[in-house]
Amino acid sequence: SSIQSSSSSIASSSQSSSSSESSSTISSSSSISSSSLSSLSSSISSTSSQVSSSSSISSAIGGNIVFFEDFALFNPTIISSTYSTGEFTNSTGIIWKYTHVRNDGGTTGSGATNYTNPNNIPNPPTLPTPVIRNSNITLLMSSEIDIPESGNYSIYFQYHQPFTTGLNFIFQLTASDTNTIIYQTNIAITNRAVLYEFGPIQLNITSPQQIRFVFRPKGGGQTAIDNITVKKE
């Protein structure tokens, strides 16, 4: 493979914050069966894009941002607590396929944030924020995203537990065909309404590549996910 993950396991300290009241389990592997993803990949248009980010994101994270997703176009006029299935296209042409996902960040439609940020993570989420349901068919998956040149890259995303049941979800980074798992990790947290940032996931890319982001539950409660960032070191 022309993409290499710098680590096969990530400890709980990869998160930017921790709490004596919380518990977390994070594990990863380089390959798994992904037949459940293949059936959905054909319904997502093949789209590639190089994305530039705002100066506020760049200054907060540092480095050369090549992709940033804040889900601003995920049904922004309808902030809803109803879980839905469909797809939306962001401002640069990336298509997100979602199954049993809501966009209110767990606020039950109030329009207010539903998390605290005690560790002052830069650029915290604003609505819309996807919440993936604790269902065996739930999925949030992007179409192909261009990594335009070789080099070392870091990936980050933010998440929180919006409700009382502890979250438990799987994050996958796949090749464009979704059958090749570049990176996978399982995150389980019991600490309601505290914002976390996962990363960096460090990748060495030896030639231009396309990747996809995949989020799906693994039991437990719902998970709110936002501000996915890829930067070149």
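Residues numbered from 1 in each chain as written. Predicted model: local features only at pLDDT ≥ 70, side-chain atom pairs only at ≥ 80, totals over all residues. Heavy atoms only, no water.

1. A closer look at the confidence of the model for the chain
Cut-off, in case you're wondering: Confidence scores here are pLDDT values: one per residue, from the predictor, ranging 0 to 100. Residue contacts are defined here by distance: any two heavy atoms, one from each residue, within 4.5 Å place the two residues in contact.
Summary statistics for the chain give a mean pLDDT of 79 and a share of 71% for residues scoring 70 or more. Taken together, the stretch residues 1–59 has pLDDT below 50 and engages in 140 contacts with residues farther than four places along the chain or on a different chain.

2. Details of unusual backbone geometry
The following threshold applies: Note on conventions: DSSP H or I runs of at least 4 residues are helices, E runs of at least 2 residues are strands, and numbering of each starts at the N terminus.
With an omega of 0 degrees, the peptide bond between Leu127 and Pro128 qualifies as cis. Within the fold, Pro128 resides in the loop between strand 5 (95–102) and strand 6 (131–132). Although it is not a glycine, Asn227 sits at a positive phi angle of roughly 50 degrees. Its location among the elements puts Asn227 in strand 14 (residues 223–232).

3. A short note on the pairing of strand 9 (residues 151–160)
The condition is simple: Relative accessibility decides the category of a residue: with a 1.4 Å probe and only protein chains considered, values under 20% of the type maximum give buried, values over 50% give exposed, and everything between is partly exposed. When DSSP finds two or more bridges between a pair of strands, those strands are recorded as paired.
Most of strand 9 sits inside the fold, with nine of its ten residues counted as buried. For strand 9 and strand 12 (residues 196–205), the ladder comprises eight bridges, and the chain directions are antiparallel. Note that in strand 12 the partner of Gly151 across the bridge is Ile205. Where strand 9 meets strand 14, seven bridges bridge the pair, whose relative direction is antiparallel. Across the sheet, the residue bridging to Gln158 is Asp226, located in strand 14.

4. Points about the packing of aromatic side chains
Remark: the centre distance and the inter-plane angle together describe each pair of aromatic rings, the angle taken between the planes. Stated precisely, the cut-off is as follows: The rule is short: rings of Phe, Tyr and Trp, with Trp giving its six-membered ring, pair when the centres are within 6.5 Å, and they are stacked under 30 degrees, edge-to-face over 60, tilted in between.
Evaluation of the coordinates by the stated rule reveals 17 aromatic pairs. Ring plane angle 45 degrees and centroid distance 6.4 Å describe the contact between Phe88 and Tyr98, whose orientation is recorded as tilted. In this pair, Phe88 is assigned in strand 4 (residues 84–89) and Tyr98 in strand 5, connecting sequence segments ten residues apart. Each member of the pair Phe88 and Tyr98 is classed as buried. Taken together, a centroid distance of 5.6 Å and an interplanar angle of 20 degrees make the contact between Tyr159 and Tyr196 stacked. Separated by 37 residues along the polypeptide, Tyr159 in strand 9 and Tyr196 in strand 12 bring together distant segments of the chain. Overall, Tyr159 belongs to the buried group, its relative accessible area being 1%. Residue classification places Tyr196 among the buried positions, given a relative accessible area of 2%.

5. Some points on the environment of Tyr115
Counting through the fold element by element, Tyr115 comes out in the loop between strand 5 and strand 6. Separated by 81 residues in sequence, Tyr115 and Tyr196 have C-alpha atoms that sit 9.8 Å apart. With residues near it in sequence (within four places) discarded, Tyr115 still touches Pro124, Pro125, His160, Ala193 and Leu195.

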